[in-house]
Protein chains: 2
Amino acid sequence: MEIKMMKNIMEANDRLAGENRALFRDRGITVINVMASPGSGKTSLILHVIKSLGSELGIGVIEGDIASSIDAETIDRLGIPVYQINTGGGCHLDAKMIRTALQGLTLRKKSLLFIENVGNLVCPSTFDLGETFKLVIASVPEGHDKPFKYTSMFMAADVIILNKKDLLPYTDFERESFYKGVRAINSKAPVLELSCRTGEGMQTFISWLREHVREEL
Amino acid sequence: MEIKMMKNIMEANDRLAGENRALFRDRGITVINVMASPGSGKTSLILHVIKSLGSELGIGVIEGDIASSIDAETIDRLGIPVYQINTGGGCHLDAKMIRTALQGLTLRKKSLLFIENVGNLVCPSTFDLGETFKLVIASVPEGHDKPFKYTSMFMAADVIILNKKDLLPYTDFERESFYKGVRAINSKAPVLELSCRTGEGMQTFISWLREHVREEL
């Protein structure tokens, strides 16, 4: 019974995600589902993109958090449309929450929409939101073994960010082992090394965005 | 129906956790449920304790992971009884898994048992395992805002470790804000600052352990 119910939940989610995807396509919105552990730099990355591309693209953000609206307030202060979802204990976003958020979010046609998922390297990977790309952030101080341990997340990624590269000299992070772990389960996703704190490597990600947003804009 | 089922699951878990707790008490085992984000230093902390107290106390470890047995193998090489639980996608441990693990683990009477939960700052906090203490690790590079965002985890903690304090000079971590967040929701749990990498502050945690294990040993 438990398994059957989980199957029903996932089927309902997939159906709604498909509807979201069609809706995004119709309106020319490129959607990036940003997933990572707590404190890996999801909001910092989004803030960098707003700073770099905010004048040339329409950008919107859906913020997913268990509690609080700290990040949404930061984004709101930049004049960017933002919608806060508080899951109240829930460990991931689902397609229905995104549908509701869209009704509260005024987006220009042909926008870039970031969905900042709940900080969690486990559950969000299995819930399709209708996004165009799944972006997974790993960060140097979390260690090089994360792809070996949180396989479904790194498998699902269309693009992987390795953040906080400025901390490489102060940690025992082994780059080679990290890449080995990623490539064992995901042969396609580019891995972009950068630091949201220093800005190093950010341009490569901005270029990736420009390239992947372009087709739909 | 979803809610009712969740209630049934939680009730069944609480019942089993109560049985685990009685069993631990009878055998004089002090159990520490270690919870944190991925890569915060759960395994490193346990390894330090093994090194410091392994000769004076019986120690055992239950390792919870989505996939892999990397950490269990490291602990096994030290000659410490260890049982690996792979949740196969599940984002937390539950009382039933612990019961099963106990059958595969030979512990001396009056031992210290670490349960390393799945790396996740959300779901594990709501599942009682029958542990004596809930230990939550936050780490400096995750940022000072974590207690504001993952409230149920920091609320549940009996003791909080702030790990990776050696990275304080290289991050924007604001200590005052972190403590403010913790104290807003948890007035009792001591916060112990340390670095598993350099060993700084570790003795304070070892003293805490000695003090809190003693009564039952």
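Another point: the overall build of chain A. On a plain count of helices and strands, chain A comes out with 8 helices and 7 strands. The C-alpha radius of gyration of chain A comes to 17 Å, within 12% of the 17 Å expected for a compact globule of 217 residues. By principal-axis analysis of the C-alpha atoms, chain A measures approximately 50 × 45 × 35 Å. Counting the 217 residues in chain A, one finds 47% classified as buried. Sequence-distant contacts in chain A: of pairs separated by 6 or more residues, those separated by 24 or more amount to 76%.

Below, the discussion takes up the interface of chain A and chain B. Chain A puts 31 residues into the contact, and the matching count from chain B is 31 residues. Residue assignment for the side of chain A that touches chain B shows that the elements contributing at least two residues are α5 (146-149) and α6 (151-156) of chain A. Here the element with the most residues in the side of chain A that touches chain B is α5(A); it accounts for 3 residues. Here the side of chain A that touches chain B is built from residues that sort into 15 nonpolar, 10 polar and 6 charged.

Mapping between the two chain copies consists of a rotation about an axis together with a translation along that axis. Mapping chain A onto chain B leaves a residual RMSD of 0.0 Å; the transformation is a rotation of 180° accompanied by 0.0 Å of translation along its axis. In the structure described here, the two chain copies are related by an operation that fits a two-fold rotation axis. A shared binding surface is used by both copies, with 100% of the interface residues of chain A retained as interface residues in chain B.

Below, the discussion takes up helix α7 (residues 175-185) of chain A. All names here are of chain A. When α7 is considered as a whole, its buried residues turn out to be Phe178, Gly181 and Val182. All buried residues of α7 project into a common sector of 95° when viewed along the axis, lining one side. On its buried face, α7 sits against α5, α6, β6 (159-163) and β7 (191-193).

What follows concerns helix α4 (residues 95-103) of chain A. All of the buried residues in α4(A) are Ala95(A), Met97(A), Ile98(A), Ala101(A) and Leu102(A). Relative to the axis of α4(A), the buried residues are bounded by an arc of 155° and lie together on one face.

Parts of the prediction with low pLDDT should not have their coordinates interpreted in detail. Confidence in the prediction for chain A averages 94 pLDDT; 97% of positions are at 70 or higher. Scored as a whole, the predicted complex attains pTM 0.94, and scored at its interfaces, ipTM 0.91.

Bringing the sheet that holds β7(A) into the picture now. All names here are of chain A. Taking strand neighbours across the sheet as the criterion, the 7 strands line up as β3-β2-β4-β1-β5-β6-β7 in an open arrangement whose pairing is parallel. A strand with exactly one partner marks an edge of an open sheet, and here the two such strands are β3 (82-86) and β7. When the angles between neighbouring strand axes are averaged without regard to direction, this sheet yields 20°. Two strands pair when backbone bridges link them, and β6 and β7 are joined in this way by 3 bridges, in the parallel orientation. Opposite isoleucine 161, over in β7, you have leucine 192 as the bridge partner. Running at roughly 140° to β3, α4 makes contact with β2 (58-65), β3 and β4 (111-116) of the sheet.

Looking now at the environment of Ile98(B). Residues and elements named next belong to chain B. Examined against the element boundaries, isoleucine 98 turns out to sit in helix α4 (residues 95-103). For isoleucine 98, a count of 28 C-beta atoms within 10 Å gives the class buried. Isoleucine 98 sits 32 residues away from glycine 130 along the chain, and the two C-alpha atoms are 8.7 Å apart. Excluding anything up to four places from it in sequence, isoleucine 98 contacts Asn20, Ile62, Leu93, Ile115, Leu129 and Gly130.

All right, on to unusual backbone geometry then. All names here are of chain A. Positive phi outside glycine occurs at lysine 110, with the angle close to 60°. Within the secondary structure, lysine 110 sits in the loop between α4 and β4. Residue lysine 164 is not a glycine yet carries a positive backbone phi of 60°.

Now for the sheet that holds strand β1 (residues 30-36) of chain B. Pairing between sheet strands relies on hydrogen bonds along the backbone, with the strands arranged either parallel or antiparallel. Residues and elements named next belong to chain B. Ordered in space as β3-β2-β4-β1-β5-β6-β7, the 7 strands form an open sheet in which the pairing is parallel. Looking along the sheet, the strands with just one partner apiece sit at the ends: β3 (82-86) and β7 (191-193). In this sheet, neighbouring strand axes are inclined to one another by 20° on average, regardless of whether the strands run parallel or antiparallel. When β1 meets strand β4 (residues 111-116), the two strands line up parallel, connected through 5 bridges. Residue pairing across strands places isoleucine 32 opposite phenylalanine 114, the latter belonging to β4.

Once that is clear, we can look at the pairing of strand β1 (residues 30-36) of chain A. Residues and elements named next belong to chain A. Among the 7 residues that make up β1, 7 are buried, leaving the element largely enclosed by the rest of the structure. What you see with β1 is no split at all: Thr30, Ile32, Val34 and Ala36 on one side and Val31, Asn33 and Met35 on the other are buried throughout. Across 5 bridges, the pairing between β1 and strand β5 (residues 133-139) is parallel. Across the sheet, residue asparagine 33 finds its bridge partner in β5, namely lysine 134.

The next subject is the pairing of β4(A). All names here are of chain A. The buried fraction of β4 amounts to 6 of the 6 residues, a majority that puts the element mostly inside the structure. Residues Ser111, Leu113 and Ile115 point to one face of β4 and Leu112, Phe114 and Glu116 to the other, with burial holding for every one of them. As paired elements, β2 and β4 share 6 bridges and run parallel to each other. Within β4, the position partnered with valine 61 by the bridge is phenylalanine 114.

What counts, and where the lines are drawn
- Residues numbered from 1 in each chain as written.
- Chains lettered and ligands numbered in written order.
- Predicted model: local features only at pLDDT ≥ 70, side-chain atom pairs only at ≥ 80, totals over all residues.
- Helix = DSSP H or I, 4+ residues; strand = E, 2+ residues; numbered from the N terminus.
- Rg over C-alpha atoms; globule rule 2.2 N^0.38 Å.
- Buried ≥ 20, exposed ≤ 12 C-beta atoms within 10 Å, placed from the backbone.
- Contact = placed C-beta atoms within 7 Å.
- Nonpolar A, V, L, I, M, F, W, Y, C, P; charged D, E, K, R; others polar.
- Least-squares fit on C-alpha atoms with pLDDT ≥ 70 in both.
- Arc of directions from axis to C-beta.
- pLDDT = per-residue confidence, 0-100.
- Pairing = 2+ DSSP bridges.
- Axes fitted to C-alpha atoms, helices over the stretch in contact; angles between N-to-C directions.

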